Each structure stands twice: as C-alpha cells, then as structure tokens.
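Chain and residue survey
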Amino acid sequence: MTIFQLARGFWAHLKTRRKQQLAVLLVLMILASFAEVLSLGAVLPFLGVLTQPERVFTYPPIQGWLAWMRLNEPRDLLMPITLVFISAVLLAGMVRLLLLYFSTKLSYAIGADFSYEIYRRTLYQPYTVHISRNSSEVISGVTDKVSAVINYFLTPILSLFGNCVILISILSALLVVNPWVSLITFIGFGLIYGGVIIVTRKRLAAYSAQIADKSTQVVKILQEGLGGIRDVLIDGSQEAYSRLYQRADVPLRNAYAGSVIIGGAPRFAAEALGMAFIAILAYLMASKEGEIGNAIALLGVLALGAQRLLPVLQQGYMSIILLRSGRYSLRDALSLLNQPMNEALCGAGVAGLPFLQGISMRHMSFRYSDNTPLVLRNLNLWIPKGGRTGFIGATGSGKSTLLDIVMGLLLPTEGGVWIDGIKLDSSTQRAWHCYIAHVPQNIYLSDASISENIAFGVPPDQIDLDRVYCAAQQAQIAGDIDTFPDRYDTNVGERGVRLSGGQRQRIGIARALYKQAAVIIFDEATSALDNETERAVMDAIDGLDRNLTILMVAHRLSTLERCDQVVELWQGGVRRVGSYAEIVRSV
C-alpha cells in the first residue's frame, strides 16, 4: 500500500472529535507561520537602525509613526525598534511552543484511541481467530506498532504539514528582501534533501519492513522465554533463548539506527554549504563601494532566514524519512483496526436465551479449517437441563472441542446446537454466554488478590464479597484462604505462582460458582487435586442446586461417579451413552 492509501485508512479511523482538533491545529500552524514571518520581517528595520539610523529615520512611510511617537533624533529609534524585534521573536517562540504542545498531546491522544480500539476489537474477535494467530502479533500491534504509528506517521505528518506552511511563509518573506539570492539558497538546500530522499528510498523501505517484522519477533521470543521459564530453567536453555532474542533484536536496532543516520546526515552538508554561500555573498557585496551598510542588513536577514529555514527543511525531510520508516508498522496497525466486529457481541446487558429444557446437538460435525480433517463427525447428543453429564474418551477424541462448541466459542461446520429449540449461532452466542461458566484444566490467574481472581472481570469496587466467600466455601478453598495473613486480599502473583496447583484449581472453581451461571463446564478441572480434595470438591458440586447443569470432562473415570449420564467419545463421534455403572461394566 502507498503512503496515501495508508493515510486514507488512518483518517477513516479517526474520531470526529480528533478531526476537529486537527482542524484547530491547522489554524495554529498558520498562526505560527505568521509569527515566523513577523519575527523575520522585524530583522531588517532592526539591523537598519543599528547600522544606518539616519537613513531609516528619513524613510517616508514611517514619518507619521515617528511624529505620533514624538521621536526627533535617529538614535531615538533604537529603543522602540529593539522592543518590537524582541516582541516579535518572543511571540514566534511562544506560538511554536504552543504548537509543539498541542500537536504532541493530540498525537498521543490519537495513539491512545487506536491502542484501545485495537485491543477492544481483538477481544471481540471469535475464538477461531484467537486460536489461529500468535498473541505476540496483537501485543506488538497494541504496543510497539501503535507507538510506531504515532512516532513514524502522525507526528511526522503534522510536523511536515506545519513545516510546509512555515517554509512557504519564510521563503515568501525572503523573496521580498532579495528574490534571486533567496531562490538560489532554497533550490540549493532543496536539491541536497531531495537527492538524499531519492538515493535512500529503497534502503528506507527495507528498514521499514525489518522494523515491522522484527518488533513482532522480539515480543514473541520474550513471551515464549518468560512464559515457559520453568522449562527454560530445568532444560538450561537460557542461552538458546538469549541468542534467539539477539538475532531478532540486533537487526531491529540496526534498522532504527539506519533510519536515524539517513535522517540526520543531510543537515550537516546543508549547514556547511549554507554558511559557505553566505560568506561568498558577503564577500561580493562588501567588495562594492558604499555597499557595506546594505550588505550587513541584508546578510543579517538572510542569515536569520537560513537559521530558520534549515531546521524547517531538516524537520520536513526527517518527517519524510520517518513516514517511510513507519510505513509497514502503520499497515499492520491498520489491519488490526480493520478487524470486523460481530455487533451481536457488542451490546451491553444482553438478555439470556430461554433455557428450560436442555441442549440438543444434531448431526453436528466440525473442522478447524477447510484443509484439516473433521474433529467431530455427525454427532447427536441430548443434555438435559439440571443434569450432570460426564465425558470420557481417548486423547484426540474431540472432548475439548465438543465443550468449546457447547459453550458457543466455536460454531459447528455442519449441523448445529439448539438451546430449547433456538439454534446457537453468531447472533445468539452472546446471549448463551450469559449462562456459561468454564473451569479449564489450566486456570488463568491474574496478578491480583484472591477476591479479584474469584470475581474475575469485575471491577474491584463492584465485587460482591458475600458471593466471593460463598463461592470459596463451595469450592473447598475457604479454609486455605483463612490461613493466609491477608486472607482474601492476598496477592496470588503472576499466573498464581504463589499458590499450589490444587489451590489455583479450586480458585478457578470458585470463579465459576461466583458467576452463578446456569451451566458450568469442568474441563479436567479436578486433575490437579489429590483424591481427598477432589472428593470434597465433588461433594460440593453434587450439593449444588439441581437446576444447575454440569458438564464434566475427567481424566479419571471415577471422577464421573455421580454424573447422571456418561458420554464416551471415539474418533469424533459418540461411542456410547449410559450411566456411570453401565460405562464401568462395558470398559
């Protein structure tokens, strides 16, 4: 995609309020350009009064002003013209500072908008999207690539536009002073910067692609190394992960360095040539009889103009370099911003589906993609409301996939799931999720307190502590919590590292009970518990309201002893359905 196509995509994602703020910023840029022209225009009379006050004093257009100010001698001009010059310079500086403040604040506000929207859209993506891509892509997009959009696209765009306005204003003022000298100066500087842009465009494109690619790799390697730190320590693979990180990080830093070098190099050549040009011009003008006074004033204006012109040219050039460097990162960020969203999942306060009878699966088949085999095939099953249904089967028989479909995380490829006669599809997923609580084999715990983990996803100031205590009692974890110094305010550490495996599992069960869902799904949730604790938890589960529907996948068949029906899966289909006793006899 070209820069202009990316810019259109960027503009489409801006909020109306941000577009209005950009319009205000444009007005401020124009005011800044006027302030620059005013400060530059004040130089000529200031230098004229310093070098030839008598000549300025007799200048016809200012006679009325002199009479109003009651200035009778040429030297009386020095104080007012000095004050005018200082005021013009200070005004230009203040306006530029104000422009910097507002443009920077606006840039990072837009970055916050984009980062939030990418994260929000990602959270609303279907489960199939999440399992099909690496989370490092999203993390890199939300952090590094949104930052790159600000630093390598929006800020340079604002800077480039502002500098163009100021450049035109300064050049116009210099053309009034001396057209030929100003044009030669501008063309010379322009050729230097333009030549460098043409020569380095391919190298910058390569750097841009490398920055976008390697930043994602760095996040991925960090996640893998720190996420599997136990295995890394046990296997002694620290050096392997360190080398992988180095192979991704060093090219990334080199690409950043290359972009900075290309961006800064022309400045030194332009400054040297500019000073040489002014020196030659001074020599030629000073060589003429009687021209030394005019030469000083003119050279002062040109020197100040060049001093203002060079930074503007350099910043404009640097903006173009940054735009080229951040092109691929902007493309990646826009692809995340363009993620489609299912509007049915976005509504607040979605009413649940009617659930009075049960869950029916009819001729249901599922595959993860068109080029993968069927995981479930022609499956038919009835799960009554309030029943306890257990699932067993060999690894790969489709137990976890079946539960994901029942939870509405995945939709069948063929056939379907009906809740009291209403088909579960993209329009009814969110309504069904209101009824579901899930206890997986590996419980995710956030680096927060026990009460916050039990009431997962609920703001701390909205947690119902009575429900937390009740859920902890039912999950057989309350006794352990009471032994901790901070009890329910105890921080569990990242992923619950300060708790035992059994404690983490029971907090996961308490989390499901806190939700007070109509259906709780246990996906080998008691596998980390010892026999005694498992029996206590199963007693608690068995004592729950009989209107509560429980689906349970268990590693040990004995765990399903109290289930009303046990379903055995085999090669993606139902092999047999029966009571626990019937299944035990047939094994």
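In case you missed it, the structure is sitting above this.
Note that this is a predicted model, so its numbers are computed, not measured. (Residues numbered from 1 in each chain as written. Predicted model: local features only at pLDDT ≥ 70, side-chain atom pairs only at ≥ 80, totals over all residues. Heavy atoms only, no water.)

Here the focus is the packing of aromatic side chains. What the rule picks out here adds up to seven aromatic pairs. Look at F10 and F114: their rings are 5.2 Å apart centre to centre, the planes differ by 65°, and that puts the pair in the edge-to-face class. Here the residue F10 occupies a position in helix α1 (residues 3–12), and F114 occupies one in helix α6 (residues 78–123), the gap between them amounting to 104 residues. No difference in accessibility class separates F10 from F114, as the two residues are buried. Pairing F355 with Y435 gives two aromatic rings, centres 5.9 Å apart and planes at 50°, and the pair type is tilted. Pair noted here: F355 is in the loop between α13 (327–337) and β1 (358–366) and Y435 is in the loop between α15 (429–433) and β6 (436–439), with a separation of 80 residues, a long-range link. F355 sits in the buried class, given a relative accessible area of 5%. By the ring-pair criterion, three or more aromatic residues cluster together here, those being F355, W432 and Y435. Across the ring face of W418, the terminal group of R362 is positioned such that the distance to the ring centre comes to 4.3 Å. (Phe/Tyr/Trp six-rings, centres within 6.5 Å; stacked < 30°, edge-to-face > 60°. Helix = DSSP H or I, 4+ residues; strand = E, 2+ residues; numbered from the N terminus. Buried < 20%, exposed > 50% of the residue type's maximum accessible area, 1.4 Å probe, protein only. Lys NZ or Arg CZ within 6 Å of the ring centre and 35° of its normal.)

Moving on, we get to the sheet that holds strand β7 (residues 519–523). Reading across from one edge, β6-β7-β8-β3-β9-β10 is the order of the six strands in this open sheet, with mixed pairing throughout. The outermost strands of the open sheet, each flanked by one partner alone, are β6 and β10 (573–578). Across this sheet, the average inter-strand angle for adjacent strands is 20°, counted without regard to direction. Relative to strand β8 (residues 549–553), strand β3 (residues 388–393) is paired through four bridges, and the arrangement is parallel. What sits directly across from R388, in β8, is I550. Docked against the sheet, helix α14 (residues 399–406) engages β3, β7, β8 and β9 (565–570), running at close to 145° with respect to β3. (Pairing = 2+ DSSP bridges. Axes fitted to C-alpha atoms, helices over the stretch in contact; angles between N-to-C directions. Contact = heavy atoms within 4.5 Å.)

Before going further, it helps to spend a moment on the side chain of E568. With respect to the helices, strands and loops of the structure, E568 is situated in strand β9. At a separation of 2.7 Å, a polar atom in the side chain of E568 contacts the side chain of R576. (Polar contact = N/O pair within 3.5 Å; in protein donor to acceptor, adjacent residues only side chain to side chain.)

With that out of the way, let us pick up the packing of helix α17 (residues 465–474) against helix α19 (residues 501–515). At a closest axis distance of 8 Å, the pairing of α17 and α19 adopts a crossing angle of 130°. When the interaxial angle is binned, α17 and α19 end up oblique. The chirality of how α17 crosses α19 is right-handed. Residues R467, V468, A471, A472 and Q474 of α17 pack against A510, L513, Y514 and K515 of α19. Residues belonging to the contact of α17 with α19 are distributed by class as follows: six nonpolar, one polar and two charged. (Parallel < 35°, antiparallel > 145°, perpendicular 65-115°, else oblique. Left-handed = near helix turned anticlockwise from the far one by under 90°. Nonpolar A, V, L, I, M, F, W, Y, C, P; charged D, E, K, R; others polar.)

Take a nonpolar patch on the surface next. A cluster of nonpolar side chains, L26, V27, I30, L31, F34 and F161, forms an exposed patch at the surface whose accessible area comes to about 550 Å². It is helix α2 (residues 16–41) that provides the largest number of residues to the nonpolar patch, a total of five residues. Along the polypeptide, F161 turns up in helix α8 (residues 135–177). The exposure class assigned to F161 is partly exposed, which follows from its relative accessible area of 43%. (Patch = residues over 30% accessible without salt bridge, like charges linked within 9 Å, V, L, I, M, F, W, Y side chains within 5 Å. Areas by Shrake-Rupley, 256 points an atom, 1.4 Å probe, with all protein chains shown as cover. Salt bridge = Lys/Arg side-chain N within 4 Å of Asp/Glu carboxyl O.)

This part takes up the packing of α1 against α13. Closest axis-to-axis distance for the α1/α13 pair is 10 Å, and the angle between their directions is 40°. For α1 against α13, the interelement crossing comes out left-handed. Counting all contacts with α1, which are made through I3, L6, G9 and F10, the residues of α13 involved are R327, L330, R331 and L334. Looking at the contact of α1 with α13, its residues break down into five nonpolar, one polar and two charged.

The next point concerns α17. Residues of α17 that are buried: V468, A471 and A472. Mapping the buried residues of α17 onto a view down its axis gives an arc of 100°, with all of them on the same face. Along α17, the residues that are exposed and aim more than 90 degrees away from the buried face are D466 and Q473. Those residues of α17 that are buried are in contact with α16 (450–454), α18 (478–482) and α19. Here α17 starts with a cap whose side-chain oxygen sits 3.1 Å from the backbone nitrogen of D466, and that cap is D464. Phi turns positive one or two residues past the end of α17, at Q476, with a value near 60°. (Arc of directions from axis to C-beta.)

On to the sheet that holds strand β5 (residues 422–423). Sheet strands pair via backbone hydrogen bonds, and the direction of the pair is either parallel or antiparallel. Pairing in this open sheet of four strands is antiparallel, and the strands run β2-β1-β4-β5 from one edge to the other. Either end of the sheet is taken by a strand with one partner, and the two such strands are β2 (376–384) and β5.

Note that soluble globular proteins tend to have their nonpolar side chains buried in a common cluster. Core analysis: the biggest nonpolar cluster contains 42 residues, and V439, I450, I454, I520 and F522 have the highest contact counts within it. When residues in this core are grouped by element, the largest group, six residues, is from α19. Apart from the residues within four sequence positions on either side, F522 is in contact with V439, I509, I541, I550, L551, M552 and V553. Of all hydrophobic cores here, the second largest spans 33 residues; its members include L6, F10, F153 and L337. (Core = buried A, V, L, I, M, F, W, Y, C linked by side-chain atoms within 4.5 Å.)

It is worth spelling out the pattern of salt bridges at this point. Applying the stated criterion across every chain yields a total of nine salt bridges. A salt bridge links K15 to D113, with the nearest nitrogen and oxygen atoms 3.7 Å apart. Taken together, the positions of K15 in the loop between α1 and α2 and D113 in helix α6 put the pair 98 residues apart, joining distant regions of the chain. Residue D113 is classed as buried on the basis of its relative accessible area, which comes to 13%. Its salt-bridge partner being D482, residue R487 comes within 2.7 Å of it at the nearest N-O pair. Residue classification places R487 among the partly exposed residues on the basis of a relative accessible area of 38%. Three or more residues joined by partner-sharing salt bridges are found here, namely K15, R18 and D113.

Fair warning: the whole summary comes from geometry, so function is off the table for now.
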